[in-house]
Amino acid sequence: MSSVSSAVCRIALASALVLGVVSGVAGCGGVQAAPESTFVLLDGSKKTTADLKGKVTLVNFWATSCVTCVAEMPKIISTYNKYQSQGYDTLAVAMSYDPPSYVVNYVQTRKLPFKVAIDNTGAVAKAWGDVQLTPTTYVVNKRGEIVKQYVGEPDFAALHQLIEKLLAET
């Protein structure tokens, strides 16, 4: 691929990602790999984008101050509980402006059953398309490719259908 067509592809993929239609960009090799990132979890351990491979993963950028994020969290928990035994995972990424003590309190009081990362520097949000609006949620397939992006609360019925389709893939 020439550098010009490669640049056009990157622009088309970035635009498609913003619009949430990654899989339909003709001639650009389909879906986009999830960006290389290191997630620092609340317990101090680290998880990388490579660790997402092998499972269908929901990566949710959120904040404790975000009304929609707080409202959708019970549905994210329910989705996790429904599919986690089938090879599904959830990673909630708290935004850099969210005070870590608020995040820890929220996670403990709501008993979030999945991993939660704090993006202290904003580097993860930047790598994932310069996320600024919350909630922003990505669905990553078993190969580590972003197949869907939601800005705002997802349609959970449609999300469940997508998860089931992706879990069925080999």
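Everything below is about the structure printed above this text.
Along each chain, the written sequence defines residue order, and numbers are assigned to residues from 1. Whole-chain, interface and lining totals are the exception, using all residues; otherwise, since this is a predicted model, local features are given only for residues with pLDDT of at least 70 and side-chain atom pairs are given and counted only at 80 or more. Only hydrogens and water are removed before side-chain values are computed, so all heavy atoms of the structure are retained for them.

Peer 1: What is the right way to look at the nonpolar core in this model?
Peer 2: A general trend in soluble globular proteins is that nonpolar side chains are found buried together. Nine residue types can take part in a nonpolar core, namely buried Ala, Val, Leu, Ile, Met, Phe, Trp, Tyr and Cys, and a core is a set of them joined through side-chain atoms within 4.5 Å. When a residue's accessible area, from a 1.4 Å probe over protein chains only, is under 20% of the maximum for its type it is buried; when over 50% it is exposed; and in between it is partly exposed. Core analysis: the biggest nonpolar cluster contains 47 residues, and Phe-61, Trp-62, Phe-114, Trp-128 and Val-139 have the highest contact counts within it. If sequence neighbours within four positions are ignored, Phe-61 has contacts with Val-93, Met-95, Val-124, Ala-125, Trp-128, Val-131, Thr-134, Pro-135, Thr-136 and Tyr-138. Residues are treated as being in contact if the distance between any of their heavy atoms lies within 4.5 Å.

Peer 1: Even after reading the chapter, I still don't get the state of the cysteines, so can you show me in this structure?
Peer 2: Should the sulfur atoms of two cysteines be covalently bonded, the bond is a disulfide. The disulfide definition used here is simple: a pair of cysteine sulfur atoms within 2.5 Å. As enumerated under the stated definition, the model contains 1 disulfide in all. Across the disulfide from Cys-66 sits Cys-69; the S-S distance is 2.3 Å. Sign of the S-S torsion, about 80° for the bond between Cys-66 and Cys-69, identifies this disulfide as right-handed. Judged by its relative accessible area of 9%, Cys-66 falls in the buried class. Exposure remark for Cys-69: the relative accessible area of 1% places this residue in the buried category.

Peer 1: Explanation requested: the sheet that holds strand 6 (residues 115–118) in the structure shown.
Peer 2: Sheet strands associate in pairs through backbone hydrogen bonding, adopting either a parallel or an antiparallel arrangement. Pairing is mixed in the open sheet, where 6 strands are placed in the order 1-8-7-4-5-6. Pairing within the sheet leaves two strands with one partner each, and these edge strands are strand 1 (32–33) and strand 6. We call two strands paired when DSSP finds no fewer than two bridges between them. The helix count covers DSSP runs of H or I at least four residues long, the strand count covers runs of E at least two residues long, and both are numbered beginning at the N terminus. With 2 bridges joining them, strand 1 and strand 8 (residues 145–151) adopt antiparallel strand pairing. In the strand pairing of strand 8, Gln-32 is matched with Ile-146. What counts as an axis is a line fitted to C-alpha atoms, over the stretch in contact for a helix, and the angles between N-to-C directions run from 0 to 180 degrees. Of the strands in this sheet, strand 4 (56–62), strand 5 (88–94) and strand 6 touch helix 3 (residues 100–110), which is tilted by about 170° from strand 6.

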